[in-house]
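A structural walkthrough
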Amino acid sequence: MLGDIPLLSLLIGLPAVAAVVLALIDRDDTALLRNVALLGTGVTFLATLVLFADFQTGVAGFQLTESVEWIPEWGITYKLGVDGISLLLVVLTGLIFPLVVLAAWEQRDRAKGFFTALMVLESALIGVFLGLDLILFYVFFEVMLVPMYALIGVWGGDNRRYASIKFFLYTLVGGLLMLLAILYLSVQAGGTFDYDAILALDLSRTEQIWLFWAFFVAFAVKLPLFPLHTWLPDAHTEAPTVGSVVLAAVMLKIGGYGFLRFNLPLFPEAVDLYAGPILAAGVIGVLYGALVAMVQKDLKRLVAYSSVAHLGFIAIGIFALQPIAAGGAVVQMVNHGLTTGTLFLLIGFMYDRTHDREIASYSGLMKATPIFGGLFLMATMSSIALPGLNGFVGEFPILIGTYQTTPWAAIAAAFGVILAALYLLWAYQRMFHGPVGGHAETMTDLNAREIAVVAPLLVLMLVIGLYPKPLYDRVTPSVEQVITQVDADIAAARSAAGDTTASTDSE
Amino acid sequence: MSIILAQVLTIPDFPWAALSPELVLFGVGILALLLDTAGKDRLQVSFLAGGVILAGCGIAFWQNSADTDSQVPLLAGLIALGAVLQFALTGLWKDRPKTLGAILAFAGFAAALGVSIWQWTVYDGQLVSVADPEQAYVGAQSFLGGMVAMDGVALFTRFSVAIAGMISIPVGFAYMEERQIHRGEYYPLLLFAATGMTLLASSNDLIMVFIAVEILSLALYVMSALAKRDLNSQESAIKYFLLGAFSSAILLYGIALVYGITGSTNIPEMGVALASVTAPTGLVIAAMVMMLVGFAFKTGLVPFHFWTPDVYQGAPTPVTGFMAAATKAAAFAAFIRVFVGALAPLQLTWAPVVIGMAVITMLGGAVLAVVQTDVKRILAYSAVAHAGYVAIGLVSINPGGGVGSVDVGREAVGAMLLYLLIYTFMSIGSFGVVSLFERRLKKSLTVDDLRGLGRRYPAPSLAMGLFLVSLAGIPGTAGFTAKFAVFRSAIEAGQYGLVGVAVVSSVIAGFFYLRIIASMFVEVESAESALIADTGRTTTAMVGLGVAAAAVVVLGVLPGTLVGLAQQAGTFAS
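So, how was this worked out
Within every chain, residues take consecutive numbers counted from 1 along the sequence as written. Whichever chain is written first is A, and whichever ligand is written first is 1; the rest continue in order. Local features in this predicted model are restricted to residues whose pLDDT is 70 or higher, and side-chain atom pairs enter the listing and the counts only when it is 80 or higher, whereas totals over whole chains, interfaces and linings include all residues. The way it works is that DSSP assigns letters per residue, a run of H or I at least four long becomes a helix, a run of E at least two long becomes a strand, and they are numbered from the N terminus. Neighbour counting defines burial: a residue surrounded by 20 or more other C-beta atoms within 10 Å of its own C-beta is buried, one with 12 or fewer is exposed, and intermediate counts give partly exposed, using backbone-placed C-beta atoms. Here, residues touch in the contact sense if the C-beta positions derived from the backbone fall within 7 Å of one another. Note on residue classes: Ala, Val, Leu, Ile, Met, Phe, Trp, Tyr, Cys and Pro are nonpolar, Asp, Glu, Lys and Arg are charged, and everything else, Gly too, is polar. As a per-residue measure, pLDDT tells how confident the predictor is, with possible values from 0 to 100. By definition, a nonpolar core groups buried Ala, Val, Leu, Ile, Met, Phe, Trp, Tyr and Cys residues that connect through C-beta atoms lying within 7 Å of each other. All axes here are fitted lines through C-alpha atoms, helices being fitted over the stretch that makes contact, and every angle between N-to-C directions spans 0 to 180 degrees. Angles are sorted into four bins: roughly parallel if under 35 degrees, roughly antiparallel if over 145, roughly perpendicular if 65 to 115, and oblique for all others. Pairing between two strands is assigned when DSSP locates at least 2 bridges connecting them.

Moving on to the overall build of chain B. The helix and strand tally for chain B stands at 23 helices and two strands. Taken over 574 residues, chain B has a buried fraction of 60%.

Put into structure tokens, the structure is as follows:
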């Protein structure tokens, strides 16, 4: 049916076209601007649904690949493909953006630039997940910095200048290191940047170690992994609601995606060497993020630190090198996108009304604004991984899987789940229960548009929580393939190393 | 009778075509000067000049009309067309000498670009030939007794210089008018400077190098001082002149030493002789160091960069843009020709020095830019840092002398040439936007003056943002293509350390580019920036900036063709 349509290019192209159209519209015509933005993101979302339907379950490799020469002089191709690891993230991106446009429906301040930046961002984000040429991937990886920088810098809070520059520079450092590694890989592979060709390279242990770190820093900053997380709370706090949602729901996932796509399969020996310290960093992230979240006064900052904790879980799931844990990590990336996206949206709606995010400024919101309170409660429950909601079906496999390879990491991380319940429920209790007070006295409840924005996310939380099989069906084969291959490579390297030690011993 | 004459005088073959871009630039420069000084008699002078040119073309046509292979009749026709065109233009704008000068100069640069493209495409051994059909490199020959080289490096640099001129003219026109420094000699000087630059890029003899350096420098000294009543401009000119004269003298001393050691000033011969000669090592090193200092000064490498911030800040901004882009391209071409081309056998001696200079240039330029507040000074230090990135290519020529080193060298040379061409767009573009805002402000522009301009003047601010993002090397812009090319050749040559330093420098540079962008778009308007009132007359400047911006985007997204051309350009005449 869709055999001849380059679906993946369409996914990247639709938002880009919308961006061009937006650029041509008169800047005072806010109504037209937001309609075009909604149309562009909506059609893109439909296309991601088509992708979800077209995706063949049970196949591990890349599907729907496209390949066109881009800069043949340098061996760069425009190569796209989707597999179980990227599929869900693409669909998540497609889902989040129309909701985000709806959330920003009342955007009046320089709406043209705002929506154009969003469209460029969506195009780049989808491109990152689909690019199978390392330079193509890198291009999307860096291009998305510019619109995100603009979203934080132009439409952000009081301290936006500091936060936006910090965000930009952190990511730039990682990106440039990765570029060097990519160039080195390309030279080794004879001038091509094709993912499959580079995957086939046989790299020495030393090479692997250097290249591993170059890639690792780029993705660890993005994820963000402790101790490279310090840009995230600032960026989240200063970013406009829409920026926070996109950042938390999609952009951070590039870190986890990058680990699974590049670090693990390309440099297995280095992974074997450093998985322990990285797991430790993940565990520290989980516990530290939770403890710091507990003492936050600003609700948005609290959720930002909870992201640090949750993404620590994802890093643990990936570097446990266990298929169930890694599959859980991929699904948890989607879950975190839904949950934290919802929380940021709700906080944004609250901030629109009162321009205050201090936890202490609110009391008794449940009585004053029951709909808001109810929806917030459900998102909170999902965030603390209540069984029956989506957070559980992601975190539980991570913990079981990790326990099989590295029990200490699983046990330590499990405390993170408890702490998450503590800080979230405590904040909830302070703000929503008790007598009506503070801003709660004047706050109005959510309107229909706002409910419509978060409703799809909440429904998905429940659906995934009750029936996660469709997600796992698509994720598991690809993840299993990666982990099996890594395990095999590590085993081969260990036995080779064992052989040399054995032979030197015997001599 | 002509037969007898030919027997008595063996007339040497004088390939004018090899020098045609220089001749075009110089000829148009003279013409512009004549027309400017003619005053009320402008039309008569133009008629006379046109008549003389037409007569010359007629003779050339008549002498060669029998020869069917010759391209002279065609060329004579084109030049005749030019003569008629200049008369028509003079007739149209005889009362507005500045406009006339600008149009003539623009036409001159366009013609020079056209001629360079023609030189590039002429194969069959007349000018350039395909050395190896598999590799399809630009051929390399030298003419005029080995004085002038016709090769990839020369031709590609001519493109850069001609394009720099073509964009600078529309961008600077209104600025010069409003600052009341639009003097008649500006356009002839621009053309003479460009003559020197293209000549420098194609000099295959050290004497020629020196002459070309002097031609371009003298013109630039005067241009820096064009703002007669502006003390900064005067200071900048004097500084440039004194330091420039000093560096020229050092270069000349180096050339003299080379001649003393090898008995030749021809660059390839000198290279061969220096590599094999049994001269005292100290003398060889002294000669190389002196030439290195001369070139490092012109390209602005640390520690010979001290003139750049002051000169760039003080000179009229359009001049700065042209100077930053075109001088760098030409000086690097000569640098490449002498060191990468001729002195490659001695690279174990000079490469460590260049590596050290590249490292401190990349870091120094970026770090010093961070503490500046004047936008032009920031861009000046950024120019220093970018010279450092280009310099990486100088030492990416030979991975330990292994097999295939020639290819790596070609790759690196092509990458440097590509970088310099792309830098032309970014540099002239960013200085062009500065000149646009500056003439509204009537004083030098600080970062704070830019506050909130993104809202008030979206088009120039967005263009500035684009140029800065490109200078920072973000993919999707030409700056990334340039950096990618240089980094790629450096990694191929095994220069991991240098590329690592370049990464650090790029991140630091990213900070101050973002500072400018943040001022324009993040901050709210301040009292100073509100003073930047729109005074109109921005159309020509915006056209120029628009072309530069379009080039930045196109070369960022689809650079394939240009990359291919640059890869072919890594050839040296022997």
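This next bit is on the interface of chain A and chain B. Each partner contributes residues to the interface: chain A has 26 residues there, and chain B has 24 residues. Put simply, the parts of the chain that give the side of chain A that touches chain B at least two residues each are α5 (134–143), α6 (145–155) and α7 (160–188) of chain A. The dominant element in the side of chain A that touches chain B, judged by the number of residues it contributes, is α7 of chain A, at 14 residues. Taken together, the residues of the side of chain A that touches chain B sort by class into 20 nonpolar, two polar and four charged.

The next point concerns the confidence of the model for chain A. Per-chain confidence: chain A averages 88 in pLDDT, with 98% of residues scoring 70 or above. The least confident element of chain A is helix α21 (residues 469–506) of chain A, whose mean pLDDT is 80; the most confident is α5 of chain A, at 92.

Attention shifts here to the nonpolar core. Residues and elements named next belong to chain B. Grouped together as the largest cluster of nonpolar side chains are 421 residues, with contacts concentrated most on Leu 200 and Tyr 419. Among the elements that take part in this core, helix α16 (residues 405–441) stands out by supplying 19 residues, more than any other. Leave out the neighbours within four places in its chain, and Tyr 419 touches Tyr 389, Val 390, Ala 482, Ala 485 and Val 486.

Attention shifts here to the packing of helix α14 (residues 299–319) of chain A against helix α15 (residues 323–354) of chain A. All names here are of chain A. It is at 9 Å that the axes of α14 and α15 come closest, and there the two elements cross at 175°. Relative to α15, α14 is oriented roughly antiparallel. Contacts between α14 and α15 pair Leu 299, Lys 300, Val 303, Ser 307, His 310, Phe 313, Ile 314, Gly 317 and Ile 318 from the former with Ala 325, Ala 326, Gly 328, Ala 329, Gln 332, Met 333, His 336, Thr 340, Leu 343, Phe 344 and Ile 347 from the latter.

Time to look at the pairing of strand β2 (residues 76–82) of chain A. Residues and elements named next belong to chain A. Most of β2 is tucked away, with five of its seven residues classed as buried. Relative to β2, strand β1 (residues 63–71) is paired through six bridges, and the arrangement is antiparallel. Bridge pairing in β2 places Ser 67 opposite Lys 79. What sits between β1 and β2 in their antiparallel hairpin is a turn of four residues, with Gly 75 showing a positive phi close to 70°.

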